[in-house]
Amino acid sequence: MCWCWEGMAGAVQEVMWAAATLVRPAAHVVVVGLDSAGKTTLLLRLRYGHYVNAVPTAGFNTERVVAGGGRWVVWDVGGAERVRPLWRSYTRATDALVFVVDASAGEERVEEARVEMARVCRESGASSLALRRPRPPLLVVANKQDLPAARDPAHLAKALGLPDLPEAQPWAVAPACAVTGEGLEEAMATLKALLDKQRQGHRQ
Ligand SMILES: Nc1nc2c(ncn2[C@@H]2O[C@H](COP(=O)(O)OP(=O)(O)O)[C@@H](O)[C@H]2O)c(=O)[nH]1
Ligand SMILES: [Mg+2]
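This structure is a prediction, so every number in the text was calculated from the model and none was measured.

## Observations concerning the coordination of the magnesium ion (ligand 2)
Distances from the magnesium ion (ligand 2) to its protein donors, namely Thr-40 (OG1) and Thr-57 (OG1), fall within the range 2.1 Å. Pair noted here: Thr-40 is in helix α2 (residues 39-48) and Thr-57 is in the loop between α2 and β2 (60-67), with a separation of 17 residues, a long-range link. On the basis of relative accessible area, Thr-57 is assigned to the partly exposed category, the value being 23%.

Written out as structure tokens, the structure is:
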């Protein structure tokens with residue numbers, strides 16, 4: 001019974017993907033963030049509609065996903081310190097960035113996330129300038145909202161220095177729980193709104 005339902009949830013995504021192909025192109029989105037933030041759990045939740053116990057990501061995972069009213073090709077890249085320099089090759093020409101943060105983590109880890117997030121924005125900003133592409137909008141997912149120590153999105157935004165990012169960097173922060181899937185549809189809709197706004201601005 002359980003297996004059937006899981007198979008169906010995956011098949012529903014396939015059908016939604018095929019139907020959506022007719023109306024809009026897919027956006028390329030890269031999910032980064034420190035190890036254990038919940039990136040792979042989030043990706044598999046979006047893809048299969050249920051919790052999958054993720055193993056630590058050695059290289060990357062990629063899935064085609066329909067969420068938040070958009071079609072996405074999502075790349076989930078390992079976040080361990082030694083592989084973070086690889087993020088650059090994934091984020092170079094992406095349409096959008098998702099930075100997942102464990103909102104319940106201690107101050108030191110949040111500070112580490114702040115530094116890495118600023119770096120990823122700086123590098124993707126520089127590449128987009130060189131490639132004459134728009135700067136990829138950034139969605140910060142304040143994950144693990146089910147845990148008592150979780151910071152709310154406004155507090156996390158401040159701790160991560162989001163208001164200090166360059167004016168040219170579009171960003172938003174959204175609360176979520178990747179285990180239950182709560183907030184993920186809304187988070188992806190927020191990212192889609194950032195992308196749509198940017199695309200409209202470019203057309204004017
Ligand atoms: N409580 C809670 N645990 C989560 C949540 N999202 C992920 N996790 C757990 O955090 C751990 C790391 O998740 P994983 O997706 O592998 O993180 P990644 O290294 O960023 O890909 C796993 O044990 C997940 O079950 C969440 O929203 N709430
Ligand atoms: Mg992972």
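## Digging into the pairing of β2
Both β2 and strand β3 (residues 70-77) contribute to a ladder of eight bridges, which runs antiparallel. Directly across from Thr-62, in β3, lies its bridge partner Trp-75. Here β2 folds back onto β3, and the loop between the two strands holds two residues, one of which, Gly-68, carries a positive phi near 60°.

## Thoughts on the site of ligand 1
Not every one of the 17 residues close to ligand 1 is listed here, only the nearest: Ser-36, Lys-39, Thr-40, Thr-41 and Asp-146. Separating an oxygen atom of ligand 1 from a side-chain N or O atom of Tyr-51 is a distance of 3.2 Å. Residue Asp-146 places a side-chain N or O atom 2.8 Å away from a nitrogen atom belonging to ligand 1. Expressed as a share of its isolated accessible area of 590 Å², the protein-covered part of ligand 1 is 81%. The greatest single-element share of the shell around ligand 1, amounting to three residues, is contributed by α2. Residue classes in the shell around ligand 1 are distributed as eight nonpolar, five polar and four charged.

## So, the pattern of salt bridges
Overall, the coordinates contain 13 salt bridges when judged by the stated rule. In this structure, Asp-196 engages Lys-192 in a salt bridge whose closest nitrogen and oxygen atoms are separated by 2.9 Å. Pair noted here: Asp-196 and Lys-192 are both in helix α6 (residues 184-203), with a separation of four residues, about one helical turn. A network of salt bridges, in which partner residues are shared, links Asp-35, Arg-84, Arg-88, Arg-109, Glu-112, Glu-116, Arg-119 and Glu-123.

## Quick notes on helix α4 (residues 107-130)
With 24 residues, α4 should cover 34 Å at 1.5 Å per step; its first-to-last C-alpha distance of 35 Å lies within 8% of that length. Residues of α4 that are buried: Val-110, Ala-113, Glu-116, Met-117, Arg-119, Val-120, Cys-121, Glu-123, Ser-124, Gly-125, Ser-127 and Ser-128. Elements that come into contact with the buried residues of α4 comprise β1 (27-32), α3 (87-91), β4 (96-102), β5 (138-143) and α5 (153-159).

## Comments concerning the environment of Arg-24
Relative to the helices and strands, Arg-24 is located in the loop between α1 (2-21) and β1. Its relative accessible area of 30% is what places Arg-24 among the partly exposed residues. Along the chain, Arg-24 and Gly-70 lie 46 residues apart, while their C-alpha atoms are 8.1 Å from each other. When near neighbours in sequence (up to four residues on either side) are disregarded, Arg-24 contacts Gly-69, Gly-70 and Arg-71.

Quick notes on the rules
Residues numbered from 1 in each chain as written. Chains lettered and ligands numbered in written order. Predicted model: local features only at pLDDT ≥ 70, side-chain atom pairs only at ≥ 80, totals over all residues. Heavy atoms only, no water. Donors = N, O, S within 2.8 Å, 3.2 Å for Na, K, Ca; no water. Helix = DSSP H or I, 4+ residues; strand = E, 2+ residues; numbered from the N terminus. Buried < 20%, exposed > 50% of the residue type's maximum accessible area, 1.4 Å probe, protein only. Pairing = 2+ DSSP bridges. Near = heavy atom within 4 Å. Polar contact = N/O pair within 3.5 Å; in protein donor to acceptor, adjacent residues only side chain to side chain. Areas by Shrake-Rupley, 256 points an atom, 1.4 Å probe, with all protein chains shown as cover. Nonpolar A, V, L, I, M, F, W, Y, C, P; charged D, E, K, R; others polar. Salt bridge = Lys/Arg side-chain N within 4 Å of Asp/Glu carboxyl O. Expected span 1.5 Å × (residues − 1). Contact = heavy atoms within 4.5 Å.

Just distances and angles here, no functional claims.
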